[in-house]
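Architecture at a glance
Residues per chain, in single letters:
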Amino acid sequence: MARTELLAAFAAPFRGAPDCDIVTPVSAQESLKVLETATPAVVRGAVPGPDASWLPFGVLKSNRTVAIAVNPTSVAPLKLQGRSLVRAATVEMSMVDALRMLHDQSRRHYAYMSSLPLTEVPELKEAMPLQRVAYMAGNGTQEANLWINPNISGMFSSAHYDGHDNLLVQLRGSKLVLLLPPEAHEEIGYTFRDERAYSFDIETATFHGHTSRGLAPTENQAALHVFSHGADNHLLEESLETLDGMETRLKALAPRARLCYLQPGETLYIPALWTHAVASSSYSARSPETAEDDTHGLNVAVNFWFYRGTQSFERQLFKAPQAGWPYAQYCRAEAMVHNNRPEEAAHAYAAAASLYGSPSGRWFDQTLYHDAVLNLGLMLSRLGLPLEAEHHYKQAQHARPSHWASYSHLGRALNARGELSESAENFQMALSLHPQDAPSYLGLGVVRASQRRQGEAAYAFERAVGVSPSDATGYDNLGVYFESIHRLPEAAAAFDAAVTLRPSWEKVARSRRRVRKLAKVRLKSWNVTP
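This report concerns the structure included in the present document. (Residues numbered from 1 in each chain as written. Predicted model: local features only at pLDDT ≥ 70, side-chain atom pairs only at ≥ 80, totals over all residues. Heavy atoms only, no water.)

Focus: the packing of helix α15 (residues 405-416) against helix α17 (residues 438-450)
Taken N-terminus to C-terminus, the directions of α15 and α17 make an angle of 25 degrees; their axes are 10 Å apart at the nearest point. The angle between the axes of α15 and α17 places the two elements in the roughly parallel class. The two elements α15 and α17 cross, and the hand of that crossing is left-handed. Counting all contacts with α15, which are made through Ser 408, Arg 412 and Asn 415, the residues of α17 involved are Pro 439, Ser 440, Val 446 and Val 447. (Axes fitted to C-alpha atoms, helices over the stretch in contact; angles between N-to-C directions. Helix = DSSP H or I, 4+ residues; strand = E, 2+ residues; numbered from the N terminus. Parallel < 35°, antiparallel > 145°, perpendicular 65-115°, else oblique. Left-handed = near helix turned anticlockwise from the far one by under 90°. Contact = heavy atoms within 4.5 Å.)

A short note on the pattern of salt bridges
Taken as a whole and assessed by the stated rule, the structure comprises 17 salt bridges. Here Arg 512 ties to Asp 496 by a salt bridge, and the two come within 3.4 Å at their closest N and O atoms. Placement of the pair is Arg 512 in helix α21 (residues 506-526) and Asp 496 in helix α20 (residues 488-501), with a sequence separation of 16 residues. The partly exposed category is assigned to Asp 496, whose relative accessible area is 24%. Between Asp 496 and Arg 516 there is a salt bridge whose closest N-O contact spans 2.9 Å. Linking Asp 496 in helix α20 with Arg 516 in helix α21, this pair joins segments that are 20 residues apart in sequence. (Salt bridge = Lys/Arg side-chain N within 4 Å of Asp/Glu carboxyl O. Buried < 20%, exposed > 50% of the residue type's maximum accessible area, 1.4 Å probe, protein only.)

As for the packing of aromatic side chains
Any pair of aromatic rings gets described here by the distance separating the centres and the angle formed by the planes. Scanning all chains against the criterion turns up 12 aromatic pairs. Judged by centre distance (6.4 Å) and plane angle (40 degrees), the rings of Tyr 307 and Phe 313 are tilted. Among the residues examined, Tyr 307 registers a relative accessible area of 7% and is labelled buried. Taking relative accessible area as the criterion, Phe 313 reaches 1% and is therefore assigned buried. A connected cluster of aromatic rings, assembled from ring pairs, spans Tyr 161, Tyr 190, Trp 325, Tyr 327, Tyr 330 and Tyr 349. Geometry around Tyr 135 places Arg 308 over its ring, the cationic atom sitting 5.5 Å from the centre. (Phe/Tyr/Trp six-rings, centres within 6.5 Å; stacked < 30°, edge-to-face > 60°. Lys NZ or Arg CZ within 6 Å of the ring centre and 35° of its normal.)

A look at α17
Over its 13 residues, α17 runs 19 Å from end to end, which matches the ideal 18 Å to within 8%, given 1.5 Å per residue. For α17, the complete set of buried residues consists of Ala 438, Ser 440, Tyr 441, Leu 442, Gly 443, Leu 444, Gly 445, Val 447 and Arg 448. Next to the buried residues of α17 lie α15, α16 (420-433), α18 (454-467) and α19 (472-484). Positive backbone phi, approximately 60 degrees, marks Arg 452, located one or two places after α17. (Expected span 1.5 Å × (residues − 1).)

Section: the pairing of strand β11 (residues 175-180)
Across the 6 residues of β11, 6 count as buried, placing the element largely inside the fold. Going residue by residue along β11, you find Lys 175, Val 177 and Leu 179 tucked away on one face and Leu 176, Leu 178 and Leu 180 tucked away on the opposite face as well. Looking at chain direction, β11 and strand β14 (residues 258-262) are connected through 5 bridges and run antiparallel. The residue bridging Lys 175 from the neighbouring strand is Leu 262, located in β14. Relative to strand β16 (residues 275-280), β11 runs antiparallel, the two sharing 6 bridges. Looking at β16, one finds that Leu 178 is bridged to Ala 277. (Pairing = 2+ DSSP bridges.)

Digging into the state of the cysteines
Going through the model one piece at a time under the given rule, you end up with 1 disulfide. The disulfide that involves Cys 20 links it to Cys 260, with 1.6 Å between the sulfurs. Because the torsion about its S-S bond is -55 degrees, the bridge between Cys 20 and Cys 260 counts as left-handed. Taken as a pair, Cys 20 in the loop between α1 (3-8) and β1 (21-23) and Cys 260 in strand β14 lie far apart in primary sequence, 240 residues in all. For Cys 20, a relative accessible area of 6% puts it in the buried group. What makes Cys 260 buried here is its relative accessible area of 1%. (Disulfide = S-S within 2.5 Å.)

Remarks on the sheet that holds β11
The antiparallel open sheet is built from 4 strands, whose spatial order is β9-β16-β11-β14. Here the strands that pair on one side only, and so sit at the sheet edges, are β9 (155-160) and β14. The average angle at which neighbouring strand axes cross in this sheet is 15 degrees, direction not considered. As judged from the 4 bridges shared by β9 and β16, these two strands associate in the antiparallel manner. When the sheet's bridge partners are listed, Met 155 is paired in β16 with Ser 280.

Quick look at the structure:
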């Protein structure tokens with residue numbers, strides 16, 4: 001499907017939008033300058049071009065289990081390995097079976113491999129030459145994902161924005177991406193939506209997860225009818241807006257829009273907070289080099305969500321009035337945290353909390369207020385303001401009394417002030433709500449050790465390493481505790497485990513050497529020969 005056909009998929013007011021800039025950096029360092037502009041651009045040369053047959057087809061044929069979104073298209077159930085799928089859900093199956101479903105043109109279902117984390121398919125990540133793109137994303141990479149969708153009259157992603165910067169790498173097929181800047185946010189029309197995400201267990205033919213995705217309503221999906229042929233009609237129904245009203249709004253937004261056409265080997269930089277909608281086409285060309293290409297007829301892409309600098313947030317949040325957009329402030333705070341700027345993060349979390357916490361405001365939501373005020377407390381603690389941090393942890397508890405995190409953080413803060421009984425109560429409450437939280441067990445163990453309640457301390461430390469056996473911190477705490485009560489062999493064993501898990505942790509290595517030396521002295525004293 002060529003650019004002209006993809007363009008026809010968008011509503012008429014957007015078809016005359018200007019194209020994104022296309023840049024070809026000559027070095028990895030020059031690639032970073034693209035990010036500094038905080039403006040969308042197509043980057044060429046970051047990965048091999050369309051003639052390079054470097055997608056590792058052998059890996060895609062593996063039996064590794066992956067998750068794929070499947071949506072039956074008729075009233076009749078869809079049979080999956082003898083089980084009946086009756087509603088849209090995420091289903092786990094082998095990569096081979098997933099590709100088979102993606103190729104199936106029977107129209108009995110839609111299938112989409114959506115945001116498969118590359119960490120789950122490490123051999124695929126290692127086989128793809130993504131080094132330049134990974135360098136651009138830097139250490140602030142939050143997620144790297146694989147996306148595969150079939151060619152069923154094109155595939156469409158409705159208008160939305162992300163709270164991270166995004167590098168979208170096209171591997172097979174092409175995409176046309178409509179973009180609108182953050183200053184158009186109010187006109188675009190974002191509201192809270194509850195998203196329900198179901199999973200289907202083929203073995204038991206049961207559905208799971210009949211709850212909203214995540215912990216709160218989402219606010220990054222726009223009720224904007226950007227496609228011309230019904231791909232997002234449901235958004236028009238949800239918005240209760242007339243067709244004439246929607247057309248007027250699209251025409252008003254059109255002068256701010258731009259279009260980015262993405263072909264194999266090209267990378268699109270989408271700054272955080274930019275609204276984007278995507279139309280995708282399939283890959284159809286074959287060559288002798290790709291005769292065994294299992295992605296024939298599919299659209300394949302990889303994306304990196306990342307924080308690198310704060311240019312996107314600085315440019316957009318100060319360019320337009322954002323007082324009514326709390327999630328933008330929250331995302332800005334997250335970026336500040338990742339860039340080690342806690343004071344600015346605290347201000348941004350406070351701005352988000354003030355909007356989420358206003359009962360008469362448009363964005364009032366107790367869950368989102370809880371998240372903002374809890375993180376504000378964490379930043380205040382980092383800034384050396386413990387009493388202010390405690391105050392905000394308590395506000396978080398009041399907003400969401402059934403969530404464990406605020407109790408755990410308040411327990412830690414109270415312990416630092418020597419309020420041992422109240423600290424223990426908060427840790428115990430956190431564990432009653434989340435029995436697998438290792439940091440709360442560690443905190444409770446420290447408190448019980450300070451109270452000289454040795455049996456309870458030992459139990460808490462051992463539970464911490466039991467629920468999180470790959471965390472070196474738990475073994476370090478256990479070793480410190482055993483050493484404090486002169487149980488040196490157990491202390492040495494705990495430090496051994498910590499060093500095994502984190503060989504470069506010099507502090508623990510020193511503790512291990514000290515305890516081993518003491519244990520030998522003690523052993524000799526126990527075996528004195530008269």
